Amino acid sequence: MKLHALLGAALLASALGACAPALTAPQTGRIVNARTGEEGAVTFTRGTLTPRVGDPFAPDNATIRIGGRTYTGRTYLIGGGALPGGLGFSVAFGASNGSDGSTVTGGGTRVEGGRPVPAHTGNLIARAEGDPPALLTCTLTVDAQQRGIGECFDGAGTRYALQF
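Residues numbered from 1 in each chain as written. Predicted model: local features only at pLDDT ≥ 70, side-chain atom pairs only at ≥ 80, totals over all residues. Heavy atoms only, no water.

Counting 21 residues, the largest nonpolar core has Ile31, Ile64, Tyr71, Leu124, Leu140, Leu162 and Phe164 as the members making the most contacts within it. If you list the elements that add at least two residues to this core, you get strand 2 (39–44), strand 3 (62–66), strand 4 (69–83), strand 7 (117–128), strand 8 (134–143) and strand 10 (159–163). Per-element tally for this core: the top contributor is strand 8, with 5 residues. Leu140 has contacts with Thr75, Leu77, His120, Thr121, Gly122, Asn123, Leu124, Ile149, Gly150, Leu162 and Phe164, leaving out every residue within four places of it along the chain. (Core = buried A, V, L, I, M, F, W, Y, C linked by side-chain atoms within 4.5 Å. Buried < 20%, exposed > 50% of the residue type's maximum accessible area, 1.4 Å probe, protein only. Helix = DSSP H or I, 4+ residues; strand = E, 2+ residues; numbered from the N terminus. Contact = heavy atoms within 4.5 Å.)

Structure, rendered in structure tokens:
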């Protein structure tokens, strides 16, 4: 009887899990004014930080809040880049017995650069309404997990750093 109740509960949980919505929360990060150190937030619509074929006029997918202003805009990413990987270190030991009864042993170490991480580059153009209107232009580098870094400039030449 307990087994039937347990199986029923498992089936119900499975059915409810299949109906659950996919993770759609926005992807968040931060923006920092390089001159003053003031921090703000950047938010991207989840799933939109990938290269898209030919639609630079798609709806906005980014919101930036810094300095009491809210900027909205969209990213445009193109493919094919790579971020450098980390360093790798390996140690190997081996031994072998020959048919004539001899034994050979050996070992070695190896340090190498890590494999490059696939990445996409692109930009973000974001504008703030109000008086006076404002514009941020950003360059982005985004990995396959849609995490990345970037750099923005406003109309006065102030630099901002992005992490997301």
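From this point, the discussion proceeds with the structure in view.
The next thing to look at is the environment of Glu39. Of note, Glu39 is situated in strand 2. Look at Glu39 and you get partly exposed, because its relative accessible area is 48%. When the C-alpha atoms of Glu39 and Ala161 are compared, they prove to be 9.5 Å apart, with 122 residues separating the residues in sequence. A polar side-chain atom of Glu39 sits 3.2 Å from a polar atom in the side chain of Arg30. (Polar contact = N/O pair within 3.5 Å; in protein donor to acceptor, adjacent residues only side chain to side chain.)

What follows covers the environment of Thr48. As for its position among the elements, Thr48 is in the loop between strand 2 and strand 3. For the pair Thr48 and Tyr76, spaced 28 residues apart in sequence, the C-alpha to C-alpha distance is 9.3 Å. Setting aside anything within four residues of it in sequence, one finds Thr48 in contact with Asn61, Thr75 and Gln146. In terms of polar contacts, Thr48 uses its side chain to reach the side chain of Asn61, at 2.8 Å.

To continue, consider unusual backbone geometry. With an omega of 0°, the peptide bond between Asp131 and Pro132 qualifies as cis. Of note in this structure, Gln146 is not a glycine but carries a positive phi near 65°. Within the secondary structure layout, Gln146 lies in the loop between strand 8 and strand 9 (148–154). Here Gln146 falls in the buried class, since its relative accessible area comes to 13%.

Attention shifts here to the side chain of Asp154. Following the sequence through the fold, Asp154 ends up in strand 9. For the buried Asp154, no salt bridge is present, and the opposite-charge side chain at shortest range is Arg35, 5.8 Å distant. A polar atom in the side chain of Asp154 sits 3.0 Å from the backbone nitrogen of Ala156. A distance of 2.9 Å separates a polar side-chain atom of Asp154 from the backbone nitrogen of Thr158. In this view, Asp154 contacts Leu135, Leu136 and Tyr160; residues no more than four positions away in its chain are not counted. (Lys, Arg positive; Asp, Glu negative; His and termini not counted. Salt bridge = Lys/Arg side-chain N within 4 Å of Asp/Glu carboxyl O.)

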